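Results of the structural survey
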Amino acid sequence: MTRPNRLTFLHTHVVACLLGGLVAMACLPVPAHAQAAASLTAADRGWVQRIQAYLDAITTLEAQFQQLAPDGRRATGTAWLSRPGRMRFEYDKPSPLLLVANHGQVVFNDSQLGQTTTLPLDKTPLGLLLRPGLQLSGDVTVTAFTHANGLVQVTLVRTASPGDGSLTLVFHDNPLSLRSWSVVDAQGQTTQVDLFNVRLGGGPMPDGLFDTDIGDR
């Protein structure tokens, strides 16, 4: 019985390290402290509205990414988003990881360990970006905002559970375009994802990209 438990531990550890920015908020304990809403100027609120409109207008996104995990490990790959509700993170070899979101679930597979794990999409940070009618208010709270040196940065939490962790989005300001995001999980660990060669609105993506039946791949 020791080996299955050991594999489960290793799978969770690998996911936390390489996919931490996607799943850690669903897996870690919630601290007692909460995060307060940011005090925004009228100009700040204008930028938040522009960011909300920009994100909500995204239908499809394809990009290369580089991910920096809390333990310093780097991973690269290709990301596809098809709003609402669909996402694929395909990590470059030798990483054994593949993540697909669809049908309200996030499914990630570690082919090296032969294990697949499923989580509700609304328990992951990027679930905020994939839902229809995206709003940066109400059940989402802006806790920090900065605009300097050509970059706009906004930090978000779920209003009902701010201790779960935060999602920080970074944009170029002219033209407004998504550059990167980072997640601070409930234990204070940060995972950063930088995007390159971003392509928006390239038309419908093949349904097969978002097939969540990935357990044997």
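Position labels on residues start from 1 in each chain and follow its written sequence. At least 70 in pLDDT is required for a residue's local features to be given in this predicted model, at least 80 for side-chain atom pairs to be given and counted, and no such filter applies to totals for whole chains, interfaces and linings, which use all residues. Side-chain descriptors were evaluated using all non-hydrogen atoms of the structure, hydrogens and water having been removed beforehand.

Description of the overall build of the protein
Basically, it comes down to this: A helix here means a DSSP run of H or I that spans at least four residues, while a strand means a run of E at least two residues long, and both kinds are numbered starting from the N terminus. Buried, partly exposed and exposed residues are distinguished by accessible area as a fraction of the type maximum, computed with a 1.4 Å probe on protein chains only: under 20%, between the cut-offs, and over 50%, respectively.
Per the secondary structure count, the protein includes 4 helices and 11 strands. Expressed as a percentage of its 217 residues, the buried residues of the protein come to 47%.

Some words on the nonpolar core
Selection rule: As used in this record, nonpolar core signifies buried Ala, Val, Leu, Ile, Met, Phe, Trp, Tyr and Cys residues forming a set joined through side-chain atoms within 4.5 Å.
Grouped together as the largest cluster of nonpolar side chains are 43 residues, with contacts concentrated most on Leu55, Phe89, Leu169, Phe171 and Trp181. Ranked by residues supplied to this core, first place goes to helix H3 (residues 42–57) with 5 residues. Trp80, Val100, Met205 and Phe210 belong to the second largest nonpolar core, which has 8 residues in total.

Remarks on the pattern of salt bridges
Just so we agree on the cut-off: By salt bridge we mean one thing: a side-chain nitrogen of Lys or Arg within 4 Å of a carboxyl oxygen of Asp or Glu.
Throughout the structure, instances matching the rule amount to 6 salt bridges. In this structure, the salt-bridge partner of Asp56 is Arg83, at a minimum N-O distance of 3.3 Å. Of this pair, Asp56 sits in helix H3 while Arg83 sits in the loop between strand S2 (74–82) and strand S3 (86–91); the two residues are 27 residues apart in sequence, bridging distant segments of the chain. A residue is classified by how much of its surface remains accessible, and Arg83, at 13% relative accessible area, is buried. Two residues, Arg199 and Glu62, come together in a salt bridge whose shortest N-O distance is 3.4 Å. Of this pair, Arg199 sits in strand S11 (residues 190–200) while Glu62 sits in strand S1 (residues 60–68), and the two are 137 residues apart along the sequence. Looking at Arg199, the relative accessible area reads 36%, which means it is partly exposed. On the accessibility criterion, Glu62 (26% relative accessible area) is partly exposed.

With respect to the sheet that holds strand S5 (residues 105–110)
Note the threshold: In short, DSSP must find at least two bridges between two strands for them to pair. Axis definition: a line fitted to C-alpha atoms, over the contacting stretch in the case of helices. Angles run 0 to 180 degrees between N-to-C directions.
The strand order across the open sheet formed by 11 strands is S6-S5-S4-S3-S2-S1-S11-S10-S9-S8-S7, and the pairing between neighbours is antiparallel. Every other strand in the sheet has two partners, leaving strand S6 (115–120) and strand S7 (140–148) as the edge strands with one partner each. Mean inter-strand twist for the sheet, computed between neighbouring axes without regard to direction, equals 20°. Bridging between strand S4 (residues 97–102) and S5 involves 6 bridges; their strand directions are antiparallel. By the bridge assignment for S5, Asn102 is matched with Gln105.

Here's the deal with the pairing of S3
The buried count for S3 comes to 5 of 6 residues, which makes it a mostly enclosed element. Summarising the sheet, S2 and S3 pair through 6 bridges and their orientation is antiparallel. Bridge pairing links Gly77 to Tyr91 in S3. Here S2 hands over to S3 after 3 residues, with Gly85 in that stretch at a positive phi of 90°. Summarising the sheet, S3 and S4 pair through 4 bridges and their orientation is antiparallel. Paired with Met87 across the two strands is Ala101, which belongs to S4. In this antiparallel pair of consecutive strands, S3 and S4, the connection spans 5 residues.

What to know about the confidence of the model for the protein
Caution is warranted with low-pLDDT regions, since their predicted coordinates should not be read in detail. The criterion, for reference: Per-residue confidence from the predictor is reported as pLDDT, which spans 0 to 100. Residue contacts are counted whenever heavy atoms from the two residues lie within 4.5 Å of one another.
Here the protein averages 82 in pLDDT, and 82% of its residues register 70 or above. Across the protein, H3 holds the top mean pLDDT of 96, while helix H1 (residues 2–18) sits lowest at 39. Note that pLDDT drops below 50 for residues 1–20; the model gives that stretch 35 contacts with residues more than four away or on any other chain. The model gives residues 23–34 a pLDDT under 50, and that stretch makes 25 contacts with residues more than four places away or in other chains.

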